[in-house]
Amino acid sequence: MPLHTIVIPGLGFHGISTEKVQVILRASFGTLNTLADTSKDVVHGRGGKELRISTSSGKLLDHILKHVTYTSTVFLINAVDMVSFETGSYCVKFPVTIRQLPLPKLFDPGPGNHVRDLVTITTKTFLRYHKLRVLLKSIREFYPDVKVIVADDSEHPEKIEEANVEHFIMPFGKGWFAGRNLAVSQVTTKYYLWVDDDCLFTQNTKIEKLVEVLENTNLDVVGGHLNGNDFKFKIFYEEGEDGNCLHIRSGSFHPLQGFPNCVITGGVINFFLARTEETRRVGFDPKLQRVAHVEFFMDGLGNLLVGSCNDIGIGHQSRDLATDSQQAAVEKNYSKFRTNTQEQIRMKLSLHYFKNRLKCYTRTG
C-alpha cells in the first residue's frame, strides 16, 4: 500500500564469505532500511533510496538482508518500483508493487438467489415501439418479475407503463452507445443482461445458466447465440514504436473449463450477461451513435474476460416488411438512422486510429 513499510521477502545470503562483501540496494519510489541492529560501518544510507551493506560475515549479511524494509514515500495507487540488488559485477532487479486496494462492492443476492435479485435486463430502443412491446411481452412470459431498463432516444417518445419496467427518455437521436451507458448506469444488481429491442425470449433463453457461468468462473461477460448464430470473435493487439495494430478474427481461444458448451473468446453477440461494476468501468463510447458493438470489446481488451456459450440463446423478431402501414413507415424511418453510411464508417475508423493509436486495423470473418 502507498506510504506503508514492508519487509522485503526473499532476500538473503547463502554461502560462506571469507572476504568483505558489499551489497547495494537502490529504489526509485521509496526508501530502504533494515531492522537489523548493526553499526554504521556495516550499513550505510538508512532511510534513503540507496542502502549499502559491507561485511565479511556471511551470517550477518544474511541476517541484515532478511530484515531489509521498503517504505513507500509517494502516494501512488498502482505502480511498480524495480529495486536493484548489486554485488560485485552482478546486478539483479526485483519488483516492489505499490497498490492502493479498492473498497469491495457487494451486491445483495436476496434470500434465495433468484434471477430477479441478481439480474436486470437492459435494452436501447429508437422509434420501434412495436418491436419493444413484443420483446417485453416475451420477457414477461418467462421472467415476469425481473426488472427491465429501457433507454429511449426517439423523437416522440411513447409511454411504456408496465410493471418492473423503467423507461428513461434521452435527447432525440443521442445514439446507440449513449443509450447503453444510460441503461447500464441505472442497474443496481450484480449482473445485467443486454438484449436488442427486436429480440425475442424463447424456451432457450435461460438467464440462470448464464448466471451460473459468471458465478463459477472469472469471466466478466458471457454471451449466447441469436437464432443459432453466436458471432464470437477474437481480438489480437500488437504494440509498435510508431503505432499499434489491432486484428479481429472470428472464433475462440479455447474451451472454458467446467462448461463444455462454452469457450473463452474476445467478443460476443448483442445478447450477453455482464458483471455490472466491471463493465461500467469500461463504458460505451458515446461518439459511436449508429452502428457499434465490437468497439465495446475493443475498449474492454485487457480489462474484461469474455466467454460464449452455444447452448443458451435468444430469438429474433421477423425481419419481414411490416404489413401494418404505420409500422412500415416507422421501419422505413428507422432504417434511415440505422444504416451505416460511408461517413459513419470513416468517422469510426478515424476514432479508432486516433484513440487507440493505431497504424493498422484488420477484420475478417
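We now turn to the structure provided with this report. (Residues numbered from 1 in each chain as written. Predicted model: local features only at pLDDT ≥ 70, side-chain atom pairs only at ≥ 80, totals over all residues. Heavy atoms only, no water.)

**Quick look at the sheet that holds strand E4 (residues 43-44)**
Part 1: Here five strands make up an open sheet; going across it, the order is E4-E5-E2-E7-E8 and the pairing antiparallel. Only two strands of the sheet have a single partner each, and these edge strands are E4 and strand E8 (90-99).
Part 2: Here helix H1 (residues 58-66) sits on the sheet in contact with strand E2 (21-26), E4, strand E5 (50-55) and strand E7 (78-87), set at roughly 160 degrees to E5. (Pairing = 2+ DSSP bridges. Helix = DSSP H or I, 4+ residues; strand = E, 2+ residues; numbered from the N terminus. Contact = heavy atoms within 4.5 Å. Axes fitted to C-alpha atoms, helices over the stretch in contact; angles between N-to-C directions.)

**Here's the deal with the sheet that holds strand E3 (residues 30-34)**
The pairing of strands in a sheet comes from backbone hydrogen bonds and takes either a parallel or an antiparallel form.
Part 1: What the three strands build is an open sheet, ordered E1-E6-E3; its pairing is antiparallel. Strands with a single pairing partner mark the edges of an open sheet, and in this sheet they are strand E1 (5-7) and E3. Across the sheet, the mean angle separating the axes of adjacent strands is 25 degrees when strand polarity is ignored.
Part 2: Two strands pair when backbone bridges link them, and E3 and strand E6 (residues 68-72) are joined in this way by five bridges, in the antiparallel orientation.

**Description of the side chain of Arg275**
Part 1: In this structure, Arg275 sits in strand E19 (residues 272-275).
Part 2: Given the relative accessible area of 13%, Arg275 is considered buried.
Part 3: In terms of polar contacts, Arg275 uses its side chain to reach the backbone carbonyl oxygen of Leu219, at 2.6 Å.
Part 4: With residues near it in sequence (within four places) discarded, Arg275 still touches Lys190, Tyr191, Tyr192, Leu214, Thr217, Asn218, Leu219 and Asp220. (Buried < 20%, exposed > 50% of the residue type's maximum accessible area, 1.4 Å probe, protein only. Polar contact = N/O pair within 3.5 Å; in protein donor to acceptor, adjacent residues only side chain to side chain.)

**Thoughts on the pattern of salt bridges**
Should the charged atoms of two oppositely charged side chains come close, the side chains can pair.
Part 1: A full pass over the atoms with the stated rule returns 19 salt bridges.
Part 2: Residues Glu158 and Arg133 are paired through a salt bridge, measuring 3.1 Å at the closest nitrogen-oxygen approach. You can see Glu158 sitting in the loop between strand E10 (148-152) and strand E11 (165-169) and its partner Arg133 sitting in helix H3 (residues 129-142), a full 25 residues away along the chain.
Part 3: A relative accessible area of 35% means that Arg133 is categorised as partly exposed.
Part 4: Residues participating in the shared-partner salt-bridge network are Arg26, Glu50, Arg52 and Glu86. (Salt bridge = Lys/Arg side-chain N within 4 Å of Asp/Glu carboxyl O.)

**A few points about the state of the cysteines**
Part 1: Under the defined criterion, the tally for this structure stands at two disulfides.
Part 2: A sulfur-sulfur distance of 1.7 Å marks the disulfide that ties Cys245 to Cys360. Since a negative S-S torsion denotes a left-handed disulfide, the Cys245-Cys360 link at about 130 degrees is right-handed. Separated by 115 residues along the polypeptide, Cys245 in strand E16 (residues 244-250) and Cys360 in strand E21 (residues 358-364) bring together distant segments of the chain.
Part 3: Note on cysteine connectivity: Cys262 is disulfide-linked to Cys309, with sulfurs 2.0 Å apart. Taking the sign of the S-S torsion, 105 degrees for the link of Cys262 and Cys309, the bridge is right-handed. Note that Cys262 is positioned in strand E18 (residues 259-265) and Cys309 in strand E20 (residues 306-316), a separation of 47 residues in sequence. (Disulfide = S-S within 2.5 Å.)

By themselves, these are just geometric observations and shouldn't be taken as functional.
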